[in-house]
Amino acid sequence: MAKEAVKYVWEGAIPLQIHLHKSDVASHPAPPPALVLAPRIGYLPLLIPLIKPYFKDSLPPGEDSIWFDYKGFPLKWYIPTGVLFDLLCAEPERPWNLTIHFRGYPSNILIPCEGEDSVKWNFVNSLKEAQYIINGNCKNVMNMSQSDQEDLWTSVMNGDLDAYTRLSPKLKMGTVEDEFSRKTSLSSPQSQQVVPETEVAGQVKTARIPVRLYVRSLNKDFENLEDVPVIDTWDDISYLNSPVEFLREEGKCFTLRDAINSLLPEFMGDRAQTSGEERSIDDTEEADGSREMGEIKLVRIQGIEMKLEVPFSWVVNNLMNPEFYLHISVLVKAPQR
């Protein structure tokens, strides 16, 4: 099962329908949209070599400054494509309709991108951050030979899990025993893509998990995911780049709920609600008046709508991105006070 989950992550892809922005159209008629299959673990700028030749006869003269938007919302190029999709499409849209721009880069919103070089730099920098969180230093990334580092990056660009599995053990990220399927996790090709455990007093094992949490907060409730409004500013998304302290006590299972609780205690406390749970009158009223608590409506990782009681060790072992970060997209209904 672990092998299937890792394969799912690496083979996961999103069908994109790419439209050329009308201000960049220098031909008549305008070109039809391009259809591209985008790897979930990839990045939008890596698709440019596929997309630009399709539109080249329709572009105006001048220097390219390429960026993408979704319904007018500029997309941050350094966030993996699958994470962008999970975060911005509460109800999955297939194909995902994006617009590509070759001019007018919104430098007030997006940091500059120099194509593949920028994406590779972002990937390697994330590797260093993740290793520092896990091991307390990043020397294994720093000491990796230039050829191995290049081959590791190429394996990610090409979605080559076999090549990645051969190279990633050199980073020595360690393992976490899987509480869900202990035997299969140790033989998983992703077993090197998790974090080390250490024994401490009281039979408690602890580790630090690199997590990037994206939280979209809504003030109004909704019945169905298709009723979630279109996002129009990055200010509506809270971004937490923070490790989760993985604590495992004898006889207890550390779950995804526990992990998210450590990052969002205001939504996961004793009186907070998760979508689908019943709530009593006492949960919405206090002595000083009525108050509605916050509610987590959706947790999505690698396109999967996660149950919060799944063992966190299984999530870590199987759903991490290749840069050793676990990306979690959360949709919440904000508490009304």
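Refer to the structure printed above.
Residues numbered from 1 in each chain as written. Predicted model: local features only at pLDDT ≥ 70, side-chain atom pairs only at ≥ 80, totals over all residues. Heavy atoms only, no water.

**Some words on the overall build of the protein chain**
So, point 1. Each helix and strand counted, the protein chain has eleven helices and 14 strands in total.
So, point 2. Within the protein chain, buried positions represent 50% of all 337 residues.
So, point 3. Taking contacts inside the protein chain between residues at least 6 apart in sequence as the whole, the part at least 24 apart equals 71%.
So, point 4. By element, 50% of the accessible surface of the protein chain is carried by carbon and sulfur atoms, the whole surface being about 16,400 Å². (Helix = DSSP H or I, 4+ residues; strand = E, 2+ residues; numbered from the N terminus. Buried < 20%, exposed > 50% of the residue type's maximum accessible area, 1.4 Å probe, protein only. Contact = heavy atoms within 4.5 Å. Areas by Shrake-Rupley, 256 points an atom, 1.4 Å probe, with all protein chains shown as cover.)

**Quick notes on the packing of helix α4 (residues 116-135) against helix α6 (residues 146-157)**
So, point 1. For the pair α4 and α6, interaxial distance at closest approach is 11 Å and the crossing angle is 110°. Comparing their axes, α6 and α4 come out roughly perpendicular. Listed contacts from α6 to E116, V119, K120, F123, V124 and L127 of α4 are Q146, Q149, E150, L152, W153, V156 and M157.
So, point 2. Taken together, the residues that form the contact of α4 with α6 break down as eight nonpolar, two polar and three charged. (Axes fitted to C-alpha atoms, helices over the stretch in contact; angles between N-to-C directions. Parallel < 35°, antiparallel > 145°, perpendicular 65-115°, else oblique. Nonpolar A, V, L, I, M, F, W, Y, C, P; charged D, E, K, R; others polar.)

**Examining the side chain of E93**
So, point 1. Tracing the backbone through its elements, the reader meets E93 in the loop between α3 (81-88) and β5 (96-101).
So, point 2. Of the side chains with opposite charge, K71 comes closest to the buried, unpaired E93, at an N-O distance of 4.2 Å.
So, point 3. Looking at E93, its side chain comes within polar contact range of the main-chain nitrogen of N97, at 2.9 Å. (Lys, Arg positive; Asp, Glu negative; His and termini not counted. Salt bridge = Lys/Arg side-chain N within 4 Å of Asp/Glu carboxyl O. Polar contact = N/O pair within 3.5 Å; in protein donor to acceptor, adjacent residues only side chain to side chain.)

**Quick notes on empty space enclosed by the protein**
So, point 1. Counted according to the given criterion, the structure contains two cavities of 30 Å³ or more.
So, point 2. Volume-wise, the largest cavity comes out at about 80 Å³.
So, point 3. Along its surface, the largest cavity is lined by D86, L87, A90, R216, V228, L298, R300, S329, V330 and L331.
So, point 4. For the lining of the largest cavity, the secondary structure elements donating two or more residues are α3, β12 (295-301) and β14 (326-333). (1 Å grid on protein atoms, 1.4 Å probe; cavity = no way out; pocket = protein on both sides within 12 Å on 5 of 7 lines; lining within 4 Å. Points joined across faces, edges and corners; volume = space filled by probe spheres on them.)

**Structural notes on unusual backbone geometry**
So, point 1. H28 connects to P29 through a cis peptide bond whose omega is 0°.
So, point 2. Its place among the elements puts P29 in the loop between β1 (13-20) and β2 (34-39).
So, point 3. Between R94 and P95 the backbone carries a cis peptide bond, its omega angle lying at -5°.
So, point 4. Structurally, P95 can be placed in the loop between α3 and β5.

**Let's talk about the nonpolar core**
So, point 1. Counting residues in hydrophobic clusters, the biggest one holds 60 residues, and the most contacted among them are L256, V299, F312, V315, L326, I328 and V330.
So, point 2. The element contributing the most residues to this core is α4, with seven residues.
So, point 3. The residues contacting L256, other than those within four sequence positions of it, are V299, I301, M306, K307, L308, V310, F312 and I328. (Core = buried A, V, L, I, M, F, W, Y, C linked by side-chain atoms within 4.5 Å.)

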